[in-house]
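Descriptive structure summary
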Amino acid sequence: DAAIEVLETAMDIARTSDILVHIPFIARSLGRAYTRAGRLDDAEALLDSASEYANRHGLHGMRVLCGPPLALLRVQRDDPRALATCQATLEAARATGMRPVEAQVQGALGIYHARQAGAARPGAAAAAESWLRRSIALADELGMRPTAVAVRTALGDLLRAEGRPEEAAPLDAEVAAL
């Protein structure tokens, strides 16, 4: 909640300052904070608005930065646009060389497919594992500890759900070490 208060103040300042790049940059973090606090409607409205704002002002990199939190939010909500949001963000990240965004959205794709596996969609568990492992590898390469922890946790959950707890145990140890 303290982060939300600070970020909301920063967003108010950014909106009145005419420094265009700050709005989508702050929105990315504030959207994540809203999501963590369970304020999903606020997060989605903010991230959609910031993405549109970035597009209008030619801030394409900033729009791409809003993609991972928006994609993950839509995955968590089982929004029918989740997969398309993930795929579009991944494509944009690769096109612009934004490897941290790529790692984050690969994790979101893994979580998306893990949720599909829980709904007994054939092949979803294998797809989830593949995306999660790719995300971990890239996050580790780039030194993205929060992403590495979140995605390892998601992969461990998937492996346990698939009846493979012995494969999840080393991931739990890695999370503890990070």
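My aim in this report is to walk through the structure given alongside it, one point at a time.

1. Topic: the overall build of the protein chain
In terms of regular secondary structure, the protein chain is built from nine helices and zero strands. Its helices and strands in sequence order give the protein chain the pattern α-α-α-α-α-α-α-α-α, from N to C terminus. Since a compact globule built from 178 residues should have a radius of gyration of about 16 Å, the 17 Å found for the protein chain is in line with a globular shape. The dimensions of the protein chain, computed from C-alpha atoms along their principal axes, are 55 × 30 × 30 Å. Here the protein chain holds 178 residues, and 44% of them are scored as buried. In the protein chain, of all internal contacts separated by at least 6 residues, the share reaching a separation of at least 24 is 52%.

2. Describing the nonpolar core
One finds Met11, Leu30, Tyr34, Leu46, Val64, Met98 and Val101 to be the most contacted residues of the largest nonpolar core, which totals 27 residues. At the level of secondary structure, the elements contributing two or more residues to this core comprise helix 1 (2–17), helix 2 (22–36), helix 3 (40–56), helix 4 (60–76) and helix 5 (82–96). Each residue touching Val64, except ones within four places of it in the same chain, is listed here: Thr89, Ala92, Ala93, Met98 and Val101. If you look at the next biggest cluster of nonpolar residues, it comprises 13 residues, including Ala117, Ala128, Ala154 and Leu155.

3. Some remarks on unusual backbone geometry
Notably, Asp78 is not glycine yet its phi reads approximately 55°, a positive angle. Relative to the elements of secondary structure, Asp78 occurs in the loop between helix 4 and helix 5. Taking relative accessible area as the criterion, Asp78 reaches 51% and is therefore assigned exposed.

4. Let's talk about the packing of helix 8 (residues 145–161) against helix 9 (residues 165–177)
At a minimum axis separation of 8 Å, helix 8 and helix 9 run at an interaxial angle of 160°. What the angle tells us is that helix 8 and helix 9 run roughly antiparallel. Like other packed secondary-structure pairs, helix 8 and helix 9 cross with a definite hand, here left-handed. Counting all contacts with helix 8, which are made through Arg145, Val149, Arg152, Thr153, Leu155, Gly156, Leu159 and Arg160, the residues of helix 9 involved are Pro165, Glu167, Ala168, Leu171, Asp172, Glu174, Val175 and Ala177. In terms of residue class, the contact of helix 8 with helix 9 is built from eight nonpolar, two polar and six charged.

5. A closer look at the packing of aromatic side chains
For any pair of aromatic rings, the description consists of the separation of the ring centres together with the inter-plane angle of the planes. Within this structure, the stated rule accounts for zero aromatic pairs. The ring of Phe25 is capped by Arg28, whose NZ or CZ atom sits 4.7 Å from the centre of that ring. The residue whose ring lies beneath Arg134 is Trp131, and the NZ or CZ to ring-centre distance is 4.0 Å.

6. A closer look at the pattern of salt bridges
Once the charged atoms of two side chains with opposite charge are near each other, the side chains can pair. All chains considered together, the criterion is met by 18 salt bridges. Arg81 is the salt-bridge partner of Glu44, the closest N and O atoms lying 2.8 Å from each other. Placement of Glu44 in helix 3 and of Arg81 in the loop between helix 4 and helix 5 is noted, with a sequence separation of 37 residues between them. In this structure, the salt-bridge partner of Arg94 is Glu102, at a minimum N-O distance of 3.1 Å. Through salt bridges with shared partners, a single network forms among Asp41, Glu44, Asp48, Arg74, Arg77, Asp79 and Arg81.

7. Considerations on helix 7 (residues 124–142)
Residue pairs spaced three or four apart in an α-helix point in one direction, given the helix's 3.6 residues per turn. In this model, helix 7 (19 residues) spans 27 Å end to end at C-alpha, consistent with the 27 Å of a helix rising 1.5 Å per residue. Here helix 7 has its buried residues at Ala124, Ala125, Ala128, Glu129, Trp131, Leu132, Ser135, Ile136, Leu138 and Ala139. Count one or two residues on from helix 7 and you reach Gly143, which has phi positive near 70°.

8. Some points on the side chain of Glu102
Looking at the element boundaries, Glu102 is found in helix 6 (residues 99–118). Other than its neighbours up to four places away in sequence, Glu102 contacts Leu90, Ala93, Arg94 and Leu138.

9. Details of helix 8
Helix length check: helix 8 (17 residues) gives 24 Å between terminal C-alpha atoms against 24 Å at 1.5 Å per residue, within 8%. Within helix 8, the full set of buried residues consists of Thr147, Ala148, Val151, Arg152, Ala154, Leu155, Gly156, Leu158 and Leu159. Summarising the contacts, the buried residues of helix 8 are in contact with helix 6, helix 7 and helix 9.

Conventions we followed
Residues numbered from 1 in each chain as written. Predicted model: local features only at pLDDT ≥ 70, side-chain atom pairs only at ≥ 80, totals over all residues. Heavy atoms only, no water. Helix = DSSP H or I, 4+ residues; strand = E, 2+ residues; numbered from the N terminus. Rg over C-alpha atoms; globule rule 2.2 N^0.38 Å. Buried < 20%, exposed > 50% of the residue type's maximum accessible area, 1.4 Å probe, protein only. Contact = heavy atoms within 4.5 Å. Core = buried A, V, L, I, M, F, W, Y, C linked by side-chain atoms within 4.5 Å. Axes fitted to C-alpha atoms, helices over the stretch in contact; angles between N-to-C directions. Parallel < 35°, antiparallel > 145°, perpendicular 65-115°, else oblique. Left-handed = near helix turned anticlockwise from the far one by under 90°. Nonpolar A, V, L, I, M, F, W, Y, C, P; charged D, E, K, R; others polar. Phe/Tyr/Trp six-rings, centres within 6.5 Å; stacked < 30°, edge-to-face > 60°. Lys NZ or Arg CZ within 6 Å of the ring centre and 35° of its normal. Salt bridge = Lys/Arg side-chain N within 4 Å of Asp/Glu carboxyl O. Expected span 1.5 Å × (residues − 1).

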